[in-house]
Amino acid sequence: MNRTTLSLIAGVAALAAVTGFAALDTPDAAGAGSAKAAARLPVERTTLVCPSPSSSDIADTSYTSFTPVTQGTDGDGKAQLRSADEESATTGDKGKDDGKKDDKKKAAKPVLEPKEPGKPVTGDTSGGDAPALIGTAEGRFAPGWTMQQTTEVAAGTGRGLLGVDCTAPDTEFWFPGASTAADRSDYVHLTNPDDSAAVVDIELYGKDGAVKSAVAEGITVAPHSSEPVLLSTLADAPQEDLTVHVSVRSGRVGAAVQALDDKLGGDWLAAAADPADSLVLPGIPKDATSVRLIAFTPADADTDLKVRLASPSGLITPAGHDTVHVKGGMTTAVDLGDLTRGEAGSLVLTQSSPSVPVVAALRVTRGKGGKQETAFIPATGPVAARATSADNSEKGSTLSLTAPTATAQVKVTASAGSEGGTAVTKTYTIKAGTTQDIAPPVPSGLKGTYALTVEHLSGGPVYGARTLTATEEGIPGFTVQTLPDDRGTVSVPHADEDVSVLQGS
């Protein structure tokens, strides 16, 4: 192997470790077999963005940062979470050219700065002017870095418990479950963590197909800044159920939808898993009084979704809702009623062949009458290796795990507390086709909050979600965050593999 090939391999390995992008697969020297299994290395840098939490003057927001301990990392590294406004000032806001030098700006003080992996760090803010946050983690703090933003709003539009995982920036997002109905105020928050402006298009799809808009294309998000876009300004007429598609022409952004209801409270709608032919929506609260399914396919063809509930005893078909017909390019919404009937549950959607790609989410309601609150559960990916949920307290957290196709075993670790306590680990077996609600293990001597890390040990795919609950003035506030894989490691090629295909030889 020549020096050029060696240099190329080193470059590919470094890029994969830093970015978390997919691994390189190459043929063997004979050209007729698969390459050696690629090595997995911890990522070396991670970026997360948190949207501006609330416009309410009575909002109280907490942030929790956590990185699980990862084998293969060295002792170096750091993680910092900063205000997007201060980040812009620190970098001189390269998207603007006012002819003035900004080299005398003082470095912004981080909102949060974790000290060691394995122990959460928390912070808080109040009021309606809290900015979006931009965070970076390097070295031993990068693999699996998780940030949770939780907001309590006591009254007004969108009151209740609003939670969202701070997300990695990307170039495409799907949000089934948004609305421009008269009693809803939904905003898509776009946060740009980079030094160059991002250009974004927002597409809306209702029950009759694409919603025409003259102002939803070419939205510019300045460097190190966040733009909340009110969805009703993008549509001429109210739509009760919408699918929002965010695509980035240049740059990258973090995106999340804040759904605020005049009567039913509010929460964050996180991006759904990419369009696929089968979907899992885990963690429906057992006391849910109403569950609404919103589904969309970007394909031109229609499809019928087979609907099943993974209950504690196995897969069952909800009465009267064995299938849902989804028309191509149109959003379909179906009320499934009190689907779980007092038991843990996750929704499993499949199709017969031929199938089309679908995105989906659930809008879940708890409570009755004037004491109702809503939250969202988007379809999510499985825990391939590890996933983490931050901001758990001794009471009020429920971990929901489902294994839709085959029995699986997982290890759940409760981290040390943010202010004290010793980590605890337990192993659980999830039977095929079932959902298990777990009262999560709690660190011994817990002080403060803690994180839950789920590791897949064996068996079939496992999907998970964490529910937080907090009752205020008799209203059952809650929020649900799914647990997709943390992508804390990436595959890189072995040094002795032939990568001549990349050189065009």
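Our subject is the structure listed above.
Quick notes on the rules
- The written sequence of each chain sets the order in which its residues are numbered from 1.
- Since the coordinates come from a predicted model, pLDDT governs what is reported: local features require at least 70, and pairs of side-chain atoms require 80 or more to be given and counted, while whole-chain, interface and lining totals use all residues.
- For the side-chain quantities, the full set of heavy atoms in the structure was used; hydrogens and water were omitted.
- Secondary structure is summarised from DSSP: a helix means a run of H or I of at least four residues, a strand means a run of E of at least two, and numbering begins at the N terminus for each.
- Burial classification: accessible surface area is computed with a 1.4 Å probe over protein chains only, and a residue below 20% of its type maximum counts as buried, one above 50% as exposed, and the rest as partly exposed.
- Contacts are assigned to residue pairs that have any heavy atoms within 4.5 Å of one another.
- The accessible surface values rely on the Shrake-Rupley method and a 1.4 Å probe; as for residues, cover is taken only from the protein chains in view.
- The rule for pairing is simple: two strands pair if DSSP sees at least two bridges between them.
- Axis lines are fitted through C-alpha atoms, for helices just across the contact stretch, and the angle between N-to-C directions can take any value from 0 to 180 degrees.
- For the purposes of this section, nonpolar cores are sets of buried Ala, Val, Leu, Ile, Met, Phe, Trp, Tyr and Cys residues that join through side-chain atoms within 4.5 Å.
- Here, a salt bridge means any Lys or Arg side-chain nitrogen found within 4 Å of an Asp or Glu carboxyl oxygen.
- Here a polar contact is taken to be a pair of N or O atoms separated by no more than 3.5 Å, where protein atoms must pair a possible hydrogen donor with a possible acceptor and residues adjacent in sequence count only if both atoms sit in side chains.
- Pairs were defined over the aromatic rings of Phe, Tyr and Trp, the Trp ring being its six-membered one, requiring ring centres within 6.5 Å. Orientation was assigned from the angle between planes: stacked under 30 degrees, edge-to-face over 60, tilted for the rest.
- Patch definition: residues with relative accessible area over 30% and no salt bridge; like charges joined within 9 Å; nonpolar side chains (Val, Leu, Ile, Met, Phe, Trp, Tyr) joined within 5 Å.
- Positive: Lys, Arg. Negative: Asp, Glu. His and the chain ends are not part of the count.
- Lys charges are placed at NZ, Arg charges at CZ, Asp charges at CG and Glu charges at CD.

Q: Can you help me understand the overall build of the protein chain in this one?
A: Per the secondary structure count, the protein chain includes two helices and 37 strands. Per-residue burial over the protein chain gives 52% buried out of 505 residues. Here the analysis covers contacts within the protein chain between residues at least 6 apart in sequence; of these, 82% occur between residues at least 24 apart. About 21,800 Å² of surface is accessible on the protein chain, with carbon and sulfur atoms providing 48% of the total.

Q: Sorry, what's going on with the sheet that holds strand β26 (residues 373-378) here?
A: Note: strands within a sheet are paired through backbone hydrogen bonds, in either parallel or antiparallel orientation. With antiparallel pairing, four strands are arranged side by side in an open sheet as β23-β19-β25-β26. Pairing within the sheet leaves two strands with one partner each, and these edge strands are β23 (331-337) and β26. Strand-to-strand, the axes of this sheet are offset by a mean angle of 20°, without reference to chain direction. Note: strand β19 (residues 290-296) against strand β25 (residues 359-366), seven bridges, orientation antiparallel.

Q: Sorry, what's going on with the nonpolar core here?
A: Within soluble globular proteins, side chains that are nonpolar generally end up buried alongside one another. With 29 residues, the main nonpolar core has L281, I284, L293, L347, L349 and L362 as its most contacted residues. In this structure, L281 is in contact with S346, L347, L349, A360, A361, L362, I377, P378 and A379, ignoring residues within four places of it in sequence. Ranked by size, the runner-up nonpolar core spans 28 residues in total, among them F175, V188, L204 and L231.

Q: In this structure, what is going on with the pattern of salt bridges? I would like to understand it.
A: A pair can form between side chains of opposite charge whenever their charged atoms are brought close. Under the criterion given, the structure shown has 14 salt bridges. The partner of R366 in a salt bridge is D287, and the shortest N-O contact between them spans 2.9 Å. Of this pair, R366 sits in strand β25 while D287 sits in the loop between β18 (279-284) and β19; the two residues are 79 residues apart in sequence, bridging distant segments of the chain. The network of salt bridges with common partners includes E240, D241, R292 and D335.

Q: Before we go on, may I ask you to explain the environment of T435 in this structure?
A: Structurally, the position occupied by T435 is in strand β32 (residues 434-438). Taking the C-alpha atoms as reference, T435 lies 4.2 Å from T402; in sequence the two are 33 residues apart. Engagement of the side chain of T435 in a polar contact is seen with the side chain of S346, the distance being 3.0 Å.

Q: Got a minute to help me understand the environment of T434 in this structure?
A: Structurally, T434 is set in strand β32. Overall, T434 belongs to the buried group, its relative accessible area being 7%. Sequence separation of T434 and A310 is 124 residues, and the distance between their C-alpha atoms is 4.8 Å. Those residues in contact with T434 that lie beyond four places of it in its chain are A310, S311, P312, S313, G314, L401, T402 and A403.

Q: What exactly am I supposed to notice about the packing of aromatic side chains here?
A: Centre distance and the angle of the planes are the two values used to describe a pair of aromatic rings. Evaluation of the coordinates by the stated rule reveals three aromatic pairs. Judged by centre distance (6.3 Å) and plane angle (15°), the ring pair of F173 and F175 falls under stacked. The residues F173 and F175 share a single accessibility class, namely buried. Ring-pair connections join several aromatic residues into one group, and the members of that group are W174, Y205 and F296.

Q: I tried to follow the sheet that holds strand β28 (residues 397-403) on my own but got confused; where do I start?
A: Strand order in the open sheet made by the four strands is β32-β28-β35-β36, with antiparallel pairing throughout. Strands at the two margins of the open sheet, each flanked by one partner only, are β32 and β36 (475-482). Taking each pair of neighbouring strands and ignoring which way they run, the sheet shows an average axis angle of 20°. As paired elements, β28 and β32 share five bridges and run antiparallel to each other. Across the sheet, the residue bridging to A403 is T434, located in β32.

Q: How do you make sense of unusual backbone geometry when you look at a structure like this?
A: The phi angle of most residues is negative, glycine excepted, and most peptide bonds adopt the trans form. P354 follows S353 through a cis peptide bond whose omega is -5°. Considering the arrangement of structural elements, one finds P354 in the loop between β24 (345-350) and β25. Not every positive phi belongs to a glycine, and H224 is a case in point at roughly 50°. One non-glycine residue with positive phi stands out, namely R341, at about 50°. Note on placement: R341 falls in the loop between β23 and β24.

Q: Explain a negative patch on the surface to me, please; I cannot follow it from the model alone.
A: A contiguous patch of negative charge, built from D60, D124, E152, E472 and E473, is present on the exposed surface. If you trace the backbone, E152 turns up in strand β7 (residues 146-153). Taking the relative accessible area as the measure of exposure, E152 reaches 37% and is therefore partly exposed.

Q: Would you mind going over the environment of T469 with me for this structure?
A: Secondary-structure assignment places T469 in strand β35 (residues 463-472). For T469 and K395, which are 74 residues apart along the polypeptide, the C-alpha to C-alpha distance reads 8.6 Å. T469 has contacts with L161, R366, G396, G477 and F478, leaving out every residue within four places of it along the chain.

Q: Please explain the pairing of β19 as it appears in this structure.
A: The buried count for β19 comes to six of seven residues, which makes it a mostly enclosed element. Note: β19 against β23, six bridges, orientation antiparallel. Within the sheet, the bridge partner assigned to I294 lies in β23 and is A333.

Q: Help me understand the side chain of S346, please; the structure alone is not making it clear to me.
A: Along the polypeptide, S346 turns up in strand β24. Given the relative accessible area of 0%, S346 is considered buried. When sequence neighbours within four positions are dropped, the list of residues in contact with S346 reads L281, P282, G283, I284, R308, L309, A310, S400, T402 and T435.

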